Every structure is written in C-alpha cells, then in structure tokens.
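Remarks on the overall topology
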Amino acid sequence: MTKTILVIDGQGGGMGKAIVEKLRQVFADRIRLIAVGTNAIAAQSMMRAGADAAASGESAVVYNCRQADLIVGPIGILTAGSMMGEMSPVMAAAIAQSDVEKVLIPLSKCHLQVVGVSEDSLPGRLEQMVGLITRLLQDGE
C-alpha cells in the first residue's frame, strides 16, 4: 500500500525542495509525495524537486493534512506566524491537530530551540529524517 507523505514549507521552498528530493531519491515510487507551500513559489519549488502534486495556501494545508499518512517539514510549521508570517494560525492548528505522525526538522531561524537536538547540517538532518520515516513506514505495514 502506497503511503502519502505531505511535505509543507514556505518562503522560497528550499527546505521542502531538499526534503522532496531526498525522499524521492530514497523511496522512489513507493510513496506518494504531496507538496504544499504557504505560497506558490514554495509549492512550485517542491513540485520541480519531484513531488507528485503540489498546491499552496491555507486551504491546501488544511485539506491535505486530512489526506496524508505522514507530515514532514521544518519545525516552524507548527508555529503560527513563523516563516516571516506565512504560517497562519489556521495552518499551524491543522498540522498540529492532525492525527498522523509528524517528522519535523529543527531550524534555529524559526526562533524555536529544541533541547537535545544536535547542530547537524541540513544533509545530516535529512539522513536522520530518512531513517525515522523508514521506521515509521515499516511500522505501518
């Protein structure tokens, strides 16, 4: 059974693009990747990186949180007002209230500090993300 992974990002979509590229590289066609940007530029960036479909805006975040088996993105997606104000309270609530597992990548520029998180580079954090998602997908089978 193909799992749907929702990748959410904002601003220029750079983090989301890196996530989509890595997930597509590792899981190929074993997953369905849906990219939702807080804006059209972020969505377009993730679509070009290999997402199966992309959308943008508040309604797209809310709708796709109900369709996904797993949500992935920078830690700021849980915080209203993050991403220079692009993450609305409705978006953050939809993500936080979704019953599915969330794999969040910590970035200090979101003004959120998580105790116990190492100062790994983005490629290192993406490797950790892949390991966690692999375990989550295997547990769901």
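Owing to the predicted nature of the structure, the values given are computational and were not obtained by experimental measurement.

1. Description of the packing of helix H3 (residues 58–67) against helix H4 (residues 89–97)
- Two elements in contact, H3 and H4, have axes whose closest approach is 9 Å; the angle formed by their N-to-C orientations is 10°. Taken together, H3 and H4 sit at an angle that is classed as roughly parallel. Residue-level inspection shows Glu58, Val61, Val62 and Cys65 of H3 in contact with H4, the latter providing Val90, Met91, Ala94 and Ile95.
- Among the residues making up the contact of H3 with H4, the classes are represented as seven nonpolar, no polar and one charged.

2. Topic: the side chain of Arg125
- Note that Arg125 resides in helix H5 (residues 122–139).
- Ignoring anything within four residues of it in the chain, the contact list for Arg125 reads Ile105, Pro106, Leu107, Val117, Ser118, Glu119 and Asp120.

3. Some words on the nonpolar core
- Within the largest apolar cluster, 23 residues are counted, with the highest numbers of intra-cluster contacts made by Ile5, Val7, Ile19, Leu23, Val72, Met129 and Ile133.
- Elements represented by at least two residues in this core include exactly strand E1 (3–9), helix H1 (14–27), strand E2 (31–37), strand E4 (70–74), strand E5 (101–105) and H5.
- Among the elements that line this core, the one with the most residues is H1, at six residues.
- In this view, Val7 contacts Gly16, Ile19, Val20, Leu23, Leu33, Ile34, Ala35, Val36, Met46 and Val72; residues no more than four positions away in its chain are not counted.
- Residues Ile34, Val36, Ile71 and Val100 belong to the second largest nonpolar core, which totals 17 residues.

4. Re H4
- All of the buried residues along H4 are Met91, Ala92, Ala94 and Ile95. The buried side chains of H4 occupy one side of the element, clustering within an arc of 160° when seen end-on. Along H4, the residues that are exposed and aim more than 90 degrees away from the buried face are Pro89 and Gln97.
- Against the buried residues of H4 lie E1, H3, E4 and E5.

Reading the values: rules and limits
Residues numbered from 1 in each chain as written. Predicted model: local features only at pLDDT ≥ 70, side-chain atom pairs only at ≥ 80, totals over all residues. Heavy atoms only, no water. Axes fitted to C-alpha atoms, helices over the stretch in contact; angles between N-to-C directions. Helix = DSSP H or I, 4+ residues; strand = E, 2+ residues; numbered from the N terminus. Parallel < 35°, antiparallel > 145°, perpendicular 65-115°, else oblique. Contact = heavy atoms within 4.5 Å. Nonpolar A, V, L, I, M, F, W, Y, C, P; charged D, E, K, R; others polar. Core = buried A, V, L, I, M, F, W, Y, C linked by side-chain atoms within 4.5 Å. Buried < 20%, exposed > 50% of the residue type's maximum accessible area, 1.4 Å probe, protein only. Arc of directions from axis to C-beta.

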